[in-house]
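# Structural features, examined
Listed below, chain by chain, are the residues.
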Amino acid sequence: MPHRTLIRGARVVLPGKIARTSVLIEGATIAGVDVARQTRADEVVDAAGLHLLPGVIDDQVHFRDPGLTHKEDLRTGSRACAAGGVTSFLEMPNTVPQTITVEALAAKLALASRRSVVNYGFYMGATTDNLDELCRADRTPGVATPGIKIFIGSSTGNMLVDDQECLEAIFAETTLPITAHCEDESTVRANQARLAGPLTVDDHSRIRDHKAAVTATLRAIDLAERHRHRFHVLHVSTGEEVRIIGDHNRIIAHHDRIITAEACPHHLFFDTSDYARLGTLAQMNPSLKTAEDRAALWRGLKEGAIQIVATDHAPHTLEEKAVPYPGSPSGVPAVEVFLPLMLNEVNRGRCTLADLAAWMCDRPARIWDIVGKGRVQRGYDADLVLVDMESERVVRNEDQRCKSGWSPWHGTKLQGWPVRTWVGGRTVFADGRVETESVGREIVFDCKRGGYWATGEPM
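Here the structure is a predicted model, which means the values were calculated and not measured.

Bringing the sheet that holds strand β13 (residues 259-263) into the picture now. The six strands lie next to each other as β9-β10-β11-β12-β13-β14, forming an open sheet whose pairing is parallel. On the outer flanks of this sheet lie β9 (124-125) and β14 (308-309), each paired with one strand and no other. Summarising the sheet, β9 and strand β10 (residues 148-152) pair through two bridges and their orientation is parallel. Paired with M124 across the strands is I148, a residue of β10.

The parallel open sheet is built from three strands, whose spatial order is β6-β7-β8. A strand with exactly one partner marks an edge of an open sheet, and here the two such strands are β6 (56-61) and β8 (119-122). With direction set aside, neighbouring strand axes in the sheet form an average angle of 20 degrees.

Another aspect to go through is the state of the cysteines. One pass over the structure, following the stated rule, counts zero disulfides. This cysteine, C351, is not joined by any disulfide, and C361 carries the nearest cysteine sulfur, 12 Å off. No disulfide involves C447; its nearest neighbouring cysteine sulfur is the one of C135, lying 16 Å away. Judged by its relative accessible area of 59%, C447 falls in the exposed class.

What follows is about the pairing of β10. The buried fraction of β10 is high, at five of five residues. On β10, burial covers both faces: I148, I150 and I152 on one face and K149 and F151 on the other are all buried. Assessed by its sense of winding, the connection that carries the chain from β9 through helix α3 (residues 131-136) to β10 is right-handed.

The subject of this paragraph is empty space enclosed by the protein. Summed over all chains, the structure comprises two cavities of 30 Å³ or more. Size it by volume and the largest cavity reaches roughly 110 Å³. In terms of lining residues, the largest cavity is bounded by 15 residues, among which R230, F231, I258, T260 and I367 are the most central. Looking at the lining of the largest cavity, its residues break down into nine nonpolar, four polar and two charged. Its boundaries defined by the atoms lining it, the second largest cavity holds a volume of some 40 Å³. P54, G55, I57, T87, S88, G372, K373, G374, R375, D381 and D383 are the residues that line the second largest cavity. For the lining of the second largest cavity, a count of residues per class yields two nonpolar, five polar and four charged.

Once that is clear, we can look at the pairing of strand β7 (residues 86-91). Counted residue by residue, β7 has six buried out of six residues, so it is predominantly covered. Both β6 and β7 contribute to a ladder of four bridges, which runs parallel. Within the sheet, the bridge partner assigned to V56 lies in β7 and is V86. Viewed along the sheet, the connection from β6 through helix α1 (residues 74-83) into β7 turns out right-handed. Pairing of β7 with β8 involves four bridges; the strand directions are parallel. Of the residues in β8, the one forming a bridge with F89 is Y120.

Between α1 and helix α2 (residues 102-115), the shortest axis-to-axis distance is 9 Å and the interhelical angle comes to 60 degrees. What the angle tells us is that α1 and α2 run oblique. For the pair α1 and α2, the crossing hand works out as right-handed. Of the residues in α2, those touching α1 at L74, R75 and S78 are L111, A112, R114 and R115. Across the contact of α1 with α2, the residue classes break down as three nonpolar, one polar and three charged.

The next subject is the environment of R363. Relative to the helices and strands, R363 resides in helix α14 (residues 353-367). Taking the C-alpha atoms as reference, R363 lies 26 Å from L6; in sequence the two are 357 residues apart.

The next point concerns the pattern of salt bridges. Going through the model one piece at a time under the given rule, you end up with 31 salt bridges. E437 serves as the salt-bridge partner of R426, at 3.6 Å between the closest nitrogen and oxygen. Taken together, the residues R426 in strand β17 (residues 426-430) and E437 in the segment after β18 (433-434) connect sequence positions eleven residues apart. Exposure remark for E437: the relative accessible area of 45% places this residue in the partly exposed category. Within the structure, one salt-bridge network assembled from shared partners comprises E240, R243, D247 and R250.

For the rest of this paragraph, the subject is the packing of aromatic side chains. All chains considered together, the criterion is met by eight aromatic pairs. Ring centres of F89 and F122 lie 6.2 Å apart, and the angle between their planes is 75 degrees; this geometry places the pair in the edge-to-face category. Taken together, the positions of F89 in strand β7 and F122 in strand β8 put the pair 33 residues apart, joining distant regions of the chain. For the pair shown, F89 and F122 are each scored as buried.

Cut-off values and rules
- Residues numbered from 1 in each chain as written.
- Predicted model: local features only at pLDDT ≥ 70, side-chain atom pairs only at ≥ 80, totals over all residues.
- Heavy atoms only, no water.
- Pairing = 2+ DSSP bridges.
- Helix = DSSP H or I, 4+ residues; strand = E, 2+ residues; numbered from the N terminus.
- Axes fitted to C-alpha atoms, helices over the stretch in contact; angles between N-to-C directions.
- Disulfide = S-S within 2.5 Å.
- Buried < 20%, exposed > 50% of the residue type's maximum accessible area, 1.4 Å probe, protein only.
- Right-handed = clockwise from strand over helix to strand, strands pointing away.
- 1 Å grid on protein atoms, 1.4 Å probe; cavity = no way out; pocket = protein on both sides within 12 Å on 5 of 7 lines; lining within 4 Å.
- Points joined across faces, edges and corners; volume = space filled by probe spheres on them.
- Nonpolar A, V, L, I, M, F, W, Y, C, P; charged D, E, K, R; others polar.
- Parallel < 35°, antiparallel > 145°, perpendicular 65-115°, else oblique.
- Left-handed = near helix turned anticlockwise from the far one by under 90°.
- Contact = heavy atoms within 4.5 Å.
- Salt bridge = Lys/Arg side-chain N within 4 Å of Asp/Glu carboxyl O.
- Phe/Tyr/Trp six-rings, centres within 6.5 Å; stacked < 30°, edge-to-face > 60°.

This is the structure we're talking about:
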């Protein structure tokens, strides 16, 4: 008989409301919500004073496995996820080797089955010459992918796809949803050539400027609209992009919308003024923008132009980040502090727990057609996180479970932390300890659903 766990007395973030109630887990599934307090269970968790949320789904991480595992790997990255309440991740294809064939995708899924503590999925990467592979990709278990990732800028070699003919073919001939890194490569190169003298990290935002982001986002939206292809804008960084995406979706009938978008914590919490304090630790692509852009991202989330939040967790070692700019790599680690950062904003009154459950759980599942995840609801997978909204902790480099061992939020006091995480009904984090076994499962994607806009208003 499946193991039964009764989580009793938590304030549960349910679709449409928060209620003090009890949740029953049976095996890997949520067997009941608002069950009797005396329901029979093998384990009873007294959750009085705590909040229970759906497990976080992070749809953009770089865990560097295989090929770049001195920075991160599937085991260390997924264990950091578990400690941070992230129960599912979707990983990017720019590893070594790249995930640009169906066979490479199958190999990465097999690797994750042996290493990942949380649930996992992997994008197929577009190149200048793998259209046939992108057309082969689908959502069959064992080779399932949420969609296709294009680097329209911020890449090298054949993973930089900025040729118009190649882009037209990918949008026209493939069927899976597409997502992209949107920075216009010609603008970036022209900006870099124009800047005279030795470059500093402050120049990063001048090289990868507003025009680079906006130009590429407009180009991708035009491709998606002309080919009627579902498209997700990764890591929006400018207020102008927020306006463009919001205006686009406002003038199109709800059932015809195909564009969704996300923001990342580094763009929500940092701006160009932070270079003076953080140096190359604040270097990422797209680059940091102004305080006004940062405020626009928050408004975009609250008003619905931006649907979700994701980390773009992209770790490098401190030694690599210490190389003088422009030799320093772009990217920051974030999965372990992602949920605490946002819970702290709930405590500050900027947003609500219902907002977080929509932005970080329910909507990512809808955008990528993920089956059985994103809600505390009977019949859904028992991917859950119990949080203490009163707990206060300071983020410290030495406490990070990520292999890179640092955080740009080092020294920041946050209020609101995960205390226990379940993946498929199994505890993977509790009492400060993370499960060491691989218990995560391949994410299942529904082939028939039509994404966020096709499923009605979430939560």
